[in-house]
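Report on the structure
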Protein chains: 2
Amino acid sequence: MTTERPILYSYFRSSCSWRVRIVLAHKKIDYDYKAIHLVRDGGEQHKDEFRALNPLEQVPAFQLGDKVLTQSVAIMEFLEEMYPQHALLPKDPWKRAKVREIVEMICSGTQPIQNLSVMNMARDDPPERVRWSNYRITRGLAGVEVILEQTAGKYCLDDHVTLADCCLIPQIYNANRFSVDMEAFPIINRVARHLEALPAFKAAHPSAQPDCPTDP
Amino acid sequence: MTTERPILYSYFRSSCSWRVRIVLAHKKIDYDYKAIHLVRDGGEQHKDEFRALNPLEQVPAFQLGDKVLTQSVAIMEFLEEMYPQHALLPKDPWKRAKVREIVEMICSGTQPIQNLSVMNMARDDPPERVRWSNYRITRGLAGVEVILEQTAGKYCLDDHVTLADCCLIPQIYNANRFSVDMEAFPIINRVARHLEALPAFKAAHPSAQPDCPTDP
């Protein structure tokens, strides 16, 4: 366990930042929240001050002393190694693998191809954009549902909160934004209901972040 | 270390299968190679026999006894834990995190948004499809180049082969397929030259797979 106080550069609605916030809250890690508004003034992530810190011009970025780490799964795995309390990976190697399989289905197989920059391919046609995101998320969650048939208990893997759960909840939020028919995914829904009741998941929700607008 | 003989379901040209093949070769793990042709007859991954094994209808799929694992990074992390010889993650937690950061930049940030199903969005316009893949790969590799400025030695991280290297080489192959200007990435090029000379990287190359057509 390190003694430095970490900083998370985050945007309240960024699903990748949200994953990391859940891990930080679940492990009860104290950190400073620095909001980077991804839209205002052309995007604060492109300003010189933030670029000096993270030349990739993305959130989340995780800072510990003078070191900066980007990419949500890399940050989550780092937190799991450095702050072992309230473990988010099981000890059994096969179960760890199944957790990472679900993580990757969401973080590589679903979210990147439904997000803003890919949607912008069809930017002149907003209904087409929504249809695309809806289709990709539906396909991604259908795959997750298949895996959860083998793995889920109360949560994605048995009855312990894991990194898979930290990725699932923000993806469901995106699914709802794009009107995905969630009735098709009964296991995901059951797991989500359990997760949403947990204090860490409440604390990490976009609506609980300091940069969430009070007037919607 | 397990005693069961693993099976890799692979397609010679699949960059996600290729990543796993490099790990298997680097760790000198004996395994059976089962080819799944992703194009022939509408795609062998959709046939009943393979679907019974992997309902996600994707390669790579890694089988150990009666257990099946999908998703390339999850498989690579599992191999690293189960077959610790010729380690592909450093011991230092920060360095491990930097390796995973590069892995994610390629496997979540680049490959999924340049691949076939996303390209099919613009399927009526092949030149637009190539431009899109070229743009996404160029952007992705530009980010990797920035990180490598801090991390690279002979390989992506210092002078030891890591999971990052196993992901980089297949991505460069995709870059060349889509005519990305690789001159812009001197560190990536230098690292690639070193990697391509290694026996494991030669053994895992698409051209060395049993399902690679002899007549190109």
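Just so it is clear, the model here is predicted, and its values are computed rather than measured. (Residues numbered from 1 in each chain as written. Chains lettered and ligands numbered in written order. Predicted model: local features only at pLDDT ≥ 70, side-chain atom pairs only at ≥ 80, totals over all residues. Heavy atoms only, no water.)

1. A word on the interface of chain A and chain B
At the junction of the two partners, chain A supplies 35 residues and chain B supplies 35 residues. Carbon and sulfur atoms supply 68% of the area buried between chain A and chain B, which totals about 3400 Å² over both sides. Where chain A meets chain B, there are 6 salt bridges. Two residues, B:Glu77 and A:Arg100, come together in a salt bridge whose shortest N-O distance is 3.8 Å. Connecting chain A to chain B are 17 residue pairs in polar contact (both at pLDDT 80 or more). For the side of chain A that touches chain B, the elements supplying multiple residues, two or more each, are strand E4 (67-70), helix H3 (72-82), helix H4 (93-107), helix H5 (111-114), helix H6 (116-119) and helix H7 (126-151) of chain A. Sorting elements by how many residues they give to the side of chain A that touches chain B places H4(A) first, with 10 residues. Residues that form the side of chain A that touches chain B fall into these classes: 20 nonpolar, 6 polar and 9 charged. (Contact = heavy atoms within 4.5 Å. Buried area = accessible area lost by both parts, 1.4 Å probe. Salt bridge = Lys/Arg side-chain N within 4 Å of Asp/Glu carboxyl O. Polar contact = N/O pair within 3.5 Å; in protein donor to acceptor, adjacent residues only side chain to side chain. Helix = DSSP H or I, 4+ residues; strand = E, 2+ residues; numbered from the N terminus. Nonpolar A, V, L, I, M, F, W, Y, C, P; charged D, E, K, R; others polar.)

2. A few points about the UniProt feature "domain: GST N-terminal" (unreviewed entry) in chain A
Per the UniProt record, "domain: GST N-terminal" (unreviewed entry) is annotated on residues 4-87 of chain A. Taken as a whole, residues 4-87 of chain A contains 35% helix and 19% strand, while its terminal C-alpha atoms sit 20 Å from one another. (UniProt positions renumbered as here; feature names shortened; annotations may be inferred.)

3. A short note on the relation of the copies chain A and chain B
The two copies are related by a screw motion: chain A maps onto chain B through a turn of 180° and a shift of 0.0 Å along the axis, at an RMSD of 0.0 Å. Such a combination of turn and shift is consistent with a two-fold rotation axis. In terms of proximity to the rotation axis, the leading residue of chain A is A:Ser108, whose C-alpha is 2.1 Å off the axis. Comparing interface residues between copies, 100% of those in chain A also sit at the interface in chain B, which points to an isologous, same-surface contact. (Least-squares fit on C-alpha atoms with pLDDT ≥ 70 in both.)

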